[in-house]
Amino acid sequence: MSADAHSHDDHHHDPPFWKKYIFSTDHKMIGLQYGITAMLFLAFGFYLMMVMRWSIAYPHQPLPEWMSFFLTDDWKARWLSDGKLTGETYNMFGAMHGTIMVFLGIVPLGFGAFGNYVTPLQIGAPDMAFPRLNMASYWIYLIGGLIMCASFFMESGAAKSGWTNYSPLAGFADGQIVNQWLAGQTQWLIGLVCLITSSLLGSVNFITTIINLRARGMTWMRMPFFVWSMLVTGFLLLLAFPPLEAAGIMQLMDRVAHSSFFMPTGLFTSQTGLAELSGGGSPLLFQHLFWFLGHPEVYVLLLPAFACVSDVIPVNSRKPLWGYKGMVYMVLVLGFLSFIVWAHHMYMTGMGPVISTFFQTTTVLISVPSVVIITSLLISLWGGSIKFTPPMMWACAFIPMFGIGGLTGLPLAFNLADLHLHDTYYVIGHFHYVVAPGILFGLFAGVLHWYPKITGRYMSSWLNQLHFWPSLICMNVIFAPMLLQGMAGFHRRWYNGGDGYLDKIAGKAGEESANIFANTVAQHIDLNILMSMGAWTLALAQIPFVINLFISWKTGKKVESDNPWNATTLEWATPTPPGHGNFTTEPVVYRGPYEYSRADHDEDYLPQWVEPKNKTAASVSQDKAEPAALEDKSDA
């Protein structure tokens, strides 16, 4: 160990257990807390989906024991009918599945876990700009998630108005509960406000850290694409979440204070007749506020996956990231355009041709930056010395899977097509191709890539094979048939998978003439069983990953050095695992983040932190690392 390292350790004493592992202010521990918590929420959301898939595939059969053995008899009596899922319970599981997977799972895993752990390391910072704010962000997120999930055990059950929570349905939901503060729908809103507050604290912290705490020599165009993605994600959260937080608080007031921000005059229901409301509210206003966040949220999910893949591919192809500057400009354009496409979710609200044409145009335009980024990643593979390491397998699978998700979204950009496909399984298939085999594959690549830095050990390649191939196959078995069913008209909220239409086929139940749609349903309904089998097999395919994640921590092969992948970005200059303050000496950056296979260098990689040895004209012009330039950055 160097003298600097000894000095580094001498000035730091280990904090007590509760401060080091529970109420930690260290960005690395907070990143791990986010990651583990998010994966637990993802597992719960996945369970809800498996129960829903049983109801869709086998609507006349009770839940099997392996799905329901831990549910109490009281809960089963309240929410199941003869052991089978009811429509009300299906709606509850559907609403909470979407909420948990998006707000409690993928965003905290991508932005909270990877962003917290890796971003300060890649810019040469000792920690985040506001460590205590960082800790508060995690705990507010955890509290919000627990509030939402605890509502399953309330008298009303959890929220049932869809993960979008549209008014006026969400305003009336659980109206039978005397104390509306104890209704599941209200708890959903309280949890949402907590989650948004957490994200806002995190976004301010990320933006401040990236702008102010970059190492000497780390100019804007020397930042890894990972950091650019996190910076844009931070701005998306900062600008898009406040409208939804305002909407959540207003809808909360509609429920508990009898206001009418989103409740219209003259609302009539079959149960209560003419609703006693002050009225005057606009249900469409809630949709606008929700989707103004909802579409930037898609890129909050996506950009961390882009970030992980953009680090994995250059390392394993031994080539610079092709078109790095173009990718940076495109991710900035992507962030801007994401704020002016939200109403393509609202074509069914009756907007006029002028407004719908505007949002059709912007929706088509936003596909261009994504295509440029994906094309750059593909060209980065061309002619490279590709190593199919475990993270590289996931990164390579990410590209076509995300491509399918993006291409299937293009028809939905046009209101003529969307009028037919809206609320069908086509939309579900499109969105899940982006999020599940797309985004999650990118995040799996990130886990495998940075695991050696976090633990000092590699994850098992054999267990990764058992995880990767079944996951790749099952993802397509689940989501490809959804596209076919959607084009056939299958609705996304049929809790029985369309089984009710089978009685309307000619010759059944006294039907004299053919019901054309019933015949269409009959042709495609067997796909429900195929997709459900794929979903349950996908759950089994995650077991090797869970085993790998925890077993490799103690038994995995030890890394040979602090830079086991021979990578070029700054996080690999830290000890393994990084200690308090991250770096043993002040990092200085001399060049860009992807210097692989340079002709003027003996090895096939040249890290950012390695000082140039021979100041030839060529190397000086290529590195642009003269002391004067470094001082300019430092002064700035």
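Residues numbered from 1 in each chain as written. Predicted model: local features only at pLDDT ≥ 70, side-chain atom pairs only at ≥ 80, totals over all residues. Heavy atoms only, no water.

Novice: Requested: an account of the overall build of the protein chain, with residues and values cited.
Specialist: Helix and strand content of the protein chain: 23 helices and 4 strands. Structurally, the protein chain occupies a C-alpha span of about 90 × 55 × 50 Å along its principal axes. Classification of the 636 residues of the protein chain by burial places 57% in the buried group. The contacts in the protein chain between residues at least 6 apart in sequence include a share of 79% that link residues at least 24 apart. Surface summary for the protein chain: the accessible area is close to 26,400 Å², and the carbon and sulfur share equals 66%. (Helix = DSSP H or I, 4+ residues; strand = E, 2+ residues; numbered from the N terminus. Buried < 20%, exposed > 50% of the residue type's maximum accessible area, 1.4 Å probe, protein only. Contact = heavy atoms within 4.5 Å. Areas by Shrake-Rupley, 256 points an atom, 1.4 Å probe, with all protein chains shown as cover.)

Novice: Quick rundown of the pattern of salt bridges? Include the residues and the values.
Specialist: On inspection of all chains with the given rule, the structure shows 9 salt bridges. Across the pair Asp26 and Lys28 runs a salt bridge, and its minimum N-O distance is 3.1 Å. Taking the relative accessible area as the measure of exposure, Asp26 reaches 18% and is therefore buried. For the salt bridge of Glu586 with Arg216, the shortest nitrogen-to-oxygen distance reads 4.0 Å. One end of the pair, Glu586, is in the loop between α21 (543-555) and α22 (617-623); the other, Arg216, is in the loop between α9 (184-212) and α10 (225-256), with 370 residues separating them in the sequence. (Salt bridge = Lys/Arg side-chain N within 4 Å of Asp/Glu carboxyl O.)

Novice: So what's going on with the side chain of Gln185? Residues and values would help.
Specialist: Mapped onto the secondary structure, Gln185 falls in helix α9. On the accessibility criterion, Gln185 (0% relative accessible area) is buried.

Novice: So, a nonpolar patch on the surface: which residues are in play, and what are the values?
Specialist: Residues Phe17, Trp18, Tyr21, Ile22 and Phe23 make up a contiguous nonpolar surface patch of about 530 Å² in total accessible area. Following the sequence through the fold, Phe23 ends up in the loop between α2 (17-22) and α3 (27-57). (Patch = residues over 30% accessible without salt bridge, like charges linked within 9 Å, V, L, I, M, F, W, Y side chains within 5 Å.)

Novice: An account of the packing of aromatic side chains is requested, with residue identities and associated values reported.
Specialist: Taken as a whole, this structure holds 49 aromatic pairs when the rule is applied. Ring plane angle 75° and centroid distance 5.4 Å describe the contact between Tyr138 and Trp139, whose orientation is recorded as edge-to-face. Within the aromatic cluster, the residues linked to one another by ring pairs are Phe103, Trp163, Phe241, Phe262, Phe286, Phe290 and Trp291. Lying across the ring of Trp79, Arg78 places its NZ or CZ 3.9 Å from the centre. Sitting above the plane of the Trp220 ring, Arg214 keeps its charged end 4.1 Å from the centroid. (Phe/Tyr/Trp six-rings, centres within 6.5 Å; stacked < 30°, edge-to-face > 60°. Lys NZ or Arg CZ within 6 Å of the ring centre and 35° of its normal.)

Novice: Any chance you could break down the environment of Ser376 for me, citing the residues and the numbers?
Specialist: In this structure, Ser376 sits in helix α14 (residues 367-381). Given a relative accessible area of 2%, Ser376 falls into the buried group. In this structure, Ser376 is in contact with Trp322, Gly323 and Met327, ignoring residues within four places of it in sequence.

Novice: Which residues make up the nonpolar core, and what values do they have?
Specialist: Grouped together as the largest cluster of nonpolar side chains are 184 residues, with contacts concentrated most on Met96, Phe225, Phe306, Leu377, Phe398, Ile439 and Phe441. Ignoring any residue separated from it by four or fewer positions in sequence, one finds Met96 in contact with Leu48, Met148, Phe152, Ala158, Ala159 and Trp188. (Core = buried A, V, L, I, M, F, W, Y, C linked by side-chain atoms within 4.5 Å.)

Novice: Describe the environment of Ile249, with residues and values.
Specialist: Here Ile249 lies in helix α10. Classification of Ile249 by relative accessible area gives partly exposed; the value is 39%. Along the primary structure Ile249 and Leu189 are separated by 60 residues, whereas in three dimensions their C-alpha atoms are 7.5 Å apart.

Novice: Kindly report on the packing of helix α17 (residues 425-455) against α21, identifying the contributing residues and their values.
Specialist: Between α17 and α21, whose axes approach to 11 Å, the crossing angle comes to 10°. With respect to α21, the axis of α17 lies roughly parallel. For the pair formed by α17 and α21, the contact residues are Phe444, Val447, Tyr451, Ile454 and Thr455 on the first element and Phe545, Asn548, Leu549, Ser552 and Trp553 on the second. Residue composition of the contact of α17 with α21, by class: 7 nonpolar, 3 polar and no charged. (Axes fitted to C-alpha atoms, helices over the stretch in contact; angles between N-to-C directions. Parallel < 35°, antiparallel > 145°, perpendicular 65-115°, else oblique. Nonpolar A, V, L, I, M, F, W, Y, C, P; charged D, E, K, R; others polar.)

Novice: Give a detailed account of α21, specifying residues and quantitative values.
Specialist: Counted at 1.5 Å a residue, the expected span for α21 with its 13 residues is 18 Å, and the 17 Å between its end C-alpha atoms agrees. Along its length, α21 shows its largest kink, about 30°, at Leu549. Pro544, Phe545, Asn548, Leu549 and Ser552 are the residues of α21 that are buried. (Expected span 1.5 Å × (residues − 1). Bend = angle between axes of the 7 residues up to and from the residue.)

Novice: Before we move on, can you summarise the confidence of the model for the protein chain with the specific residues and values?
Specialist: When pLDDT is averaged along the protein chain, the result is 91; 93% of the residues meet or exceed 70. This model gives residues 617-621 a pLDDT under 50, and the stretch forms 6 contacts once residues within four places in sequence are excluded. Contacts for the low-pLDDT stretch residues 624-636, under 50 throughout, to residues beyond four places or in other chains number 24 contacts. (pLDDT = per-residue confidence, 0-100.)

Novice: Give me α3: which residues, what numbers.
Specialist: The terminal C-alpha atoms of α3, which comprises 31 residues, lie 44 Å apart, in line with the 45 Å expected from a rise of 1.5 Å per residue. With a side-chain oxygen positioned 2.8 Å from the backbone nitrogen of Lys28, the residue opening α3 is Asp26. (Polar contact = N/O pair within 3.5 Å; in protein donor to acceptor, adjacent residues only side chain to side chain.)

Novice: Describe the side chain of Ser552, naming the residues involved and giving the relevant values.
Specialist: Among the secondary structure elements, Ser552 is positioned in helix α21. Since its relative accessible area comes to 3%, Ser552 is described here as buried. Reaching out from Ser552, the side chain makes a polar contact with the backbone nitrogen of Ser460 at a distance of 3.5 Å. Leaving out residues up to four positions away in the same chain, Ser552 has contacts with Tyr451, Arg457, Tyr458, Met459, Ser460 and Ile547.

Novice: Run through the packing of helix α6 (residues 87-123) against α9, naming residues and quoting values.
Specialist: For the pair α6 and α9, interaxial distance at closest approach is 11 Å and the crossing angle is 20°. Taken together, the axes of α6 and α9 lie roughly parallel to each other. Handedness of the crossing formed by α6 with α9: left-handed. Between α6 and α9, the contacting residues are Met96, Thr99, Phe103, Leu104, Phe111, Gly115, Asn116, Thr119 and Ile123 on the first element and Trp188, Leu192, Leu195, Gly202, Ser203, Phe206, Thr209 and Ile210 on the second. Within the contact of α6 with α9, the residues separate by chemical class into 10 nonpolar, 7 polar and no charged. (Left-handed = near helix turned anticlockwise from the far one by under 90°.)

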